[in-house]
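Okay, here's what each chain looks like letter by letter:
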Amino acid sequence: MNDGTRKSRILIADDDAATRHGVARLLENAGFAISEASDGIAALDAIQKNKFDLVFLDVWMPHLSGLEVLAQVRTGPDRPKVIVMTSDGTSETLLRAIKEQAYDYLSKPFSPRQAVEVAQRVLSGEQVPAIEVLSARPHWIELLIPCTREAAERVQSFMMKLEADLPDSVRETIATSFRELLLNAVEWGGQLDPNRKVRIASVRSPRMLMFRIADPGPGFSFDGLSHAAVGQPESEPIAHMAIREERGIRAGGFGIMMTKAAADELFYNEAQNEVMFVKYFESTQALPVKKTG
């Protein structure tokens, strides 16, 4: 929450007074120092004149939208982390938020208690290199992310919000697979080095979702993959768990096996430092992809 000498400073910028005051009061009670702004110009002025650790920024505000404010402050030397708040869950708004370096995204309506939980989580994390946006069209998203678990969790949160039109069961399957492959990339390929990058591409058509993850490591082989379930004989499917505990590796090791089962197509390149996951949709699930200019 703070560095031991001062309270973390948070700005709540929202033209809806009830939301603004409700979030502000709970954050104050949680021990944060709170300022408020009721429109985009007031928010921009406050950010330029004061040092905030975190900003809750509504998208649709008078005078300047939240995304316009974000675009103007994203390159500042002491830019705060920004949580975008909006009831507009369209892919265009989400992608713009990612492109302008929003740290996270809260969909309205949300409870003020959620804002407290998000603030505590965000402010407890370390400052890491930015996520780079290489393509931000609804049908083709491409990102470069630093090799940290925090960045992986943030990207998964954004990406799954973009797939909100899919049935819950399909979205959950995709989310689990994406998370496992991405964590493997940042942990094993990138060795949790924030100066190294994982490249992610997500391509969406009405009948298919494909994502490709390329890590900066030398690759691996399934042969002798002793810390993962996929590397064990059928007679000892959980033998890897003892190995992970011995090496101090996070619990798990079932990711590749689960992803293989979930994918309609799963391809690795020769070095196996790039993977492509493909999921096809039934005709009843297929929805049109929005066209972009």
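These figures come from a predicted structure and were not determined experimentally. (Residues numbered from 1 in each chain as written. Predicted model: local features only at pLDDT ≥ 70, side-chain atom pairs only at ≥ 80, totals over all residues. Heavy atoms only, no water.)

Participant: Can you walk me through the confidence of the model for the protein in this structure?
Facilitator: When pLDDT is low, close inspection of the predicted coordinates is not appropriate. Taken over all residues, the pLDDT of the protein has a mean of 82, while the share at 70 or more is 80%. Segment residues 284–288: pLDDT under 50, and 8 contacts once partners within four positions in sequence are set aside and those in other chains are kept. (pLDDT = per-residue confidence, 0-100. Contact = heavy atoms within 4.5 Å.)

Participant: What am I meant to see in the pairing of strand E10 (residues 265–268) here?
Facilitator: In the case of a regular strand, side chains alternate between the two sheet surfaces. Note that E10 and strand E11 (residues 274–280) share 4 bridges and pair antiparallel. Bridging across to E11, Leu266 finds its partner in Phe277. Hairpin connection, E10 to E11: the antiparallel pair is bridged by 5 residues, and Gln272 has positive phi, about 65°. (Pairing = 2+ DSSP bridges. Helix = DSSP H or I, 4+ residues; strand = E, 2+ residues; numbered from the N terminus.)

Participant: How should I be thinking about the environment of Ser177 in this particular structure?
Facilitator: Locating Ser177 in the fold gives a position in helix H7 (residues 168–189). Between the alpha carbons of Ser177 and Lys260 there is a distance of 8.6 Å; along the sequence they are 83 residues apart. If we skip the residues at most four places from it in the chain, Ser177 touches Phe211, Thr259, Ala262 and Phe277.

Participant: What exactly am I supposed to notice about the sheet that holds strand E5 (residues 104–107) here?
Facilitator: Backbone-to-backbone hydrogen bonds join strands into a sheet, with any given pair of strands oriented parallel or antiparallel. The 5 strands lie next to each other as E2-E1-E3-E4-E5, forming an open sheet whose pairing is parallel. Each having just a single partner strand, strand E2 (33–37) and E5 make up the two edges of the open sheet. Taking the axes of each pair of neighbouring strands and ignoring which way they run, one obtains an average angle of 20° across the sheet. Across 5 bridges, strand E3 (residues 54–58) lies against strand E4 (residues 81–86) in parallel orientation. Pairing of Val55 across the sheet is with Val82, part of E4. Here helix H1 (residues 17–29) sits on the sheet in contact with strand E1 (9–13), E2 and E3, set at roughly 170° to E2. Helix-sheet contacts for helix H5 (residues 112–124) involve E1, E3, E4 and E5, and the interaxial angle to E3 is about 140°. (Axes fitted to C-alpha atoms, helices over the stretch in contact; angles between N-to-C directions.)

Participant: Could you clarify how one ought to interpret the packing of aromatic side chains in this entry?
Facilitator: What describes a pair of aromatic rings is the distance from one ring centre to the other and the angle between the planes of the rings. Under the criterion given, the structure shown has 2 aromatic pairs. With centroids separated by 5.0 Å and ring planes inclined at 90°, the aromatic side chains of Phe178 and Phe211 adopt a geometry described as edge-to-face. Pair noted here: Phe178 is in helix H7 and Phe211 is in strand E9 (residues 208–214), with a separation of 33 residues, a long-range link. Of the two residues, Phe178 and Phe211, both sit in the buried class. When the centroid spacing of 4.6 Å and the interplanar angle of 5° are considered together, the rings of Phe211 and Phe277 count as stacked. (Phe/Tyr/Trp six-rings, centres within 6.5 Å; stacked < 30°, edge-to-face > 60°. Buried < 20%, exposed > 50% of the residue type's maximum accessible area, 1.4 Å probe, protein only.)

Participant: Could you clarify how one ought to interpret the sheet that holds strand E8 (residues 197–205) in this entry?
Facilitator: A sheet is described by the order of its strands in space; here 6 strands give the open sequence E6-E7-E8-E9-E11-E10, paired in antiparallel fashion. The sheet terminates laterally at strand E6 (132–137) and E10, the two strands that pair on one side only. Sheet twist, expressed as the average angle between the axes of neighbouring strands with direction ignored, equals 15°. Alignment of E9 against E11, held across 7 bridges, turns out to be antiparallel. Bridge pairing links Met208 to Tyr280 in E11. Its contacts with the sheet place helix H4 (residues 91–99) against E6 and strand E7 (140–146), and it is angled at close to 165° to E6. Running over the sheet, H7 touches E7, E8, E9, E10 and E11 and is turned about 15° from E9.

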